[in-house]
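One letter stands for each residue in the lines below.
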Amino acid sequence: MKVKYTAGEQIFHAFVVLVTLLLSLAVVIPLMSIVFASFSDPYEVMKHSGLYWKPIKFSLYNYQMVLQDKSILTGYMNTIFVVVVGTSLNLVMTIISAYVLSRKGPMFIKFFTVMIVFTMYFQGGTIPTYIVVDKLHLVGTRWALILPGAVNTFNLVVLRTAMASVPESLPESAMIDGAGHATILAKIMVPVTKASIAVITLYYAVAHWNSWFPAMIYLRKKSMYPLQLILRTILVQDETNAMTSGSMEAIALSSDSVKYATIVVATVPILLVYPFLQKYFVKGVMVGAVKG
């Protein structure tokens, strides 16, 4: 059956499409410009101004310079460790906490829920957090990037809401059959709320991948720096020439071309994760938005 829209509804739909298209172009055009610049000849990049609509004299020189820098590869390994271990710990802690808060039986659940949500709006700040991390002897270790943010309150609320929306008859019937809380969580709650779990997995992974400020505060050795902090060093402090190993030819080239290649190398891996979780994204977010 074909749905007929009024003139006002058609105008609104056209407006929404236009705004979405403009926002998409605002994201895609700068991204493609950076990609094209990273594949351009460094001499041409030095002379060019404005956006790049295609590579200028296609060249892989910029990526060769980036991949020759051992700090980039080390940063990749450090970031992968933080993303894998940190996201795994985040999921375990968040799933267990969400299950407990979603149950209606235990006492003081509402009180603990309010106190946890309170931390989402009011936090101690950077200095008190640093003192706590220092007292736990985590400063100078990779665990300082993982343990302080083991649970994100927003993600916890989203998953707790998703679990609370599961019909109570499911866990009750499982309990009658002799299932414990661990079984109910693993075989009922997790499969039913996999869309929301996929969404918070993406949130946690992207947060770890993009994080650089905690590493700048807590880490002391450059060999432990994650990729984003190394990228910041290259972009902000302009240490690109350190990757040239003293080559006069490379020093003469524009550092911008190498920066573009570094941005692409640091961004593409996390972008590849989105297509695999996209089908869960809308559903998972809406589950947490419908019920409070």
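Bear in mind that the values here come from a model prediction, so they are computed numbers and not experimental data.

A. Just the overall build of the chain, in detail. Tallying secondary structure elements over the chain gives 15 helices and zero strands in all. When burial is assessed residue by residue, the chain has 35% of its 292 residues classed as buried. Considering only residue pairs separated by 6 or more positions, the chain has 72% of its internal contacts joining residues 24 or more positions apart. Per element, the accessible surface of the chain, about 17700 Å² overall, is 70% carbon and sulfur.

B. Geometry of the packing of helix H4 (residues 70-102) against helix H7 (residues 153-164). H7 packs onto H4 with a crossing angle of 50° between their chain directions and a minimal axis gap of 8 Å. Put simply, H4 runs oblique to H7. Here the hand of the crossing between H4 and H7 comes out right-handed. For the pair H4 and H7, the contacting residues are Thr94, Ile95, Ser97, Ala98, Tyr99, Leu101 and Ser102 in the first and Asn155, Leu156, Leu159, Arg160, Met163 and Ala164 in the second. Each residue belonging to the contact of H4 with H7 can be placed in one class, and the counts come to eight nonpolar, four polar and one charged.

C. How the structure looks around H7. In this model H7 runs 16 Å from its N-terminal to its C-terminal C-alpha over twelve residues, within 8% of the 16 Å that 1.5 Å per residue would give. Listing the buried residues of H7 in full gives Thr153, Asn155, Leu156, Val158, Leu159, Thr161, Ala162 and Met163. Near the N-terminus of H7, the side chain that reaches the backbone nitrogen of Phe154, with its oxygen 3.0 Å away, is that of Asn152.

D. Main features of the nonpolar core. Counting residues in each nonpolar core, the largest one holds 27 residues, and the members touching the most others are Val66, Ile72, Tyr76, Trp209, Leu219 and Leu227. Residue assignment for this core shows that the elements contributing at least two residues are helix H3 (61-68), H4, helix H10 (194-210), helix H12 (227-236) and helix H14 (255-271). The contact partners of Trp209, leaving out residues within four places of it in the chain, are Tyr76, Thr79, Val83, Leu227, Gln228, Ala266, Pro269 and Ile270. Grouped together as the second largest cluster of nonpolar side chains are 17 residues, Ala98, Leu101, Ile188 and Ile200 included.

E. How the structure looks around the side chain of Thr87. Along the chain, Thr87 turns up in helix H4. The contacts of Thr87, once residues within four sequence positions are left out, are Val82, Thr201, Tyr204, Ala205 and His208.

F. Spatial organisation of the pattern of salt bridges. One pass over the structure, following the stated rule, counts one salt bridge. Arg103 is the salt-bridge partner of Glu168, the closest N and O atoms lying 3.4 Å from each other. Of this pair, Glu168 sits in the loop between H7 and helix H8 (169-176) while Arg103 sits in the loop between H4 and helix H5 (109-121); the two residues are 65 residues apart in sequence, bridging distant segments of the chain.

G. Molecular detail of the environment of Val273. Structurally, Val273 can be placed in the loop between H14 and helix H15 (274-290). Among the residues examined, Val273 registers a relative accessible area of 30% and is labelled partly exposed. Along the sequence, Val273 and Leu202 sit 71 residues apart, while their C-alpha atoms lie 7.9 Å from each other.

H. A look at the packing of aromatic side chains. What the rule picks out here adds up to ten aromatic pairs. Look at Phe39 and Phe58: their rings are 5.5 Å apart centre to centre, the planes differ by 10°, and that puts the pair in the stacked class. With Phe39 in the loop between helix H1 (7-38) and helix H2 (42-47) and Phe58 in the loop between H2 and H3, the pair connects residues that are 19 residues apart, well separated along the chain. Taking relative accessible area as the criterion, Phe39 reaches 24% and is therefore assigned partly exposed. Overall, the relative accessible area of 57% leaves Phe58 in the exposed class. On the numbers, 6.2 Å between centres and 75° between planes, the contact of Phe81 with Trp143 is edge-to-face. With Phe81 in helix H4 and Trp143 in the loop between helix H6 (126-135) and H7, this pair connects stretches of sequence that are 62 residues apart. By relative accessible area, which is 39% here, Trp143 ends up partly exposed. Each residue in the set Phe39, Phe58 and Tyr63 is aromatic and connected to the rest through ring pairs, giving one cluster. The lysine or arginine in question, Arg142, covers the ring of Phe81, its NZ or CZ lying 5.9 Å from the ring centre.

I. Structural context of the environment of Leu229. Checked against the element boundaries, Leu229 lands in helix H12. Among the residues examined, Leu229 registers a relative accessible area of 3% and is labelled buried. Taking the C-alpha atoms as reference, Leu229 lies 7.9 Å from Ser211; in sequence the two are 18 residues apart. When near neighbours in sequence (up to four residues on either side) are disregarded, Leu229 contacts Trp212, Ala215 and Met216.

Reading the values: rules and limits
Residues numbered from 1 in each chain as written. Predicted model: local features only at pLDDT ≥ 70, side-chain atom pairs only at ≥ 80, totals over all residues. Heavy atoms only, no water. Helix = DSSP H or I, 4+ residues; strand = E, 2+ residues; numbered from the N terminus. Buried < 20%, exposed > 50% of the residue type's maximum accessible area, 1.4 Å probe, protein only. Contact = heavy atoms within 4.5 Å. Areas by Shrake-Rupley, 256 points an atom, 1.4 Å probe, with all protein chains shown as cover. Axes fitted to C-alpha atoms, helices over the stretch in contact; angles between N-to-C directions. Parallel < 35°, antiparallel > 145°, perpendicular 65-115°, else oblique. Left-handed = near helix turned anticlockwise from the far one by under 90°. Nonpolar A, V, L, I, M, F, W, Y, C, P; charged D, E, K, R; others polar. Expected span 1.5 Å × (residues − 1). Polar contact = N/O pair within 3.5 Å; in protein donor to acceptor, adjacent residues only side chain to side chain. Core = buried A, V, L, I, M, F, W, Y, C linked by side-chain atoms within 4.5 Å. Salt bridge = Lys/Arg side-chain N within 4 Å of Asp/Glu carboxyl O. Phe/Tyr/Trp six-rings, centres within 6.5 Å; stacked < 30°, edge-to-face > 60°. Lys NZ or Arg CZ within 6 Å of the ring centre and 35° of its normal.

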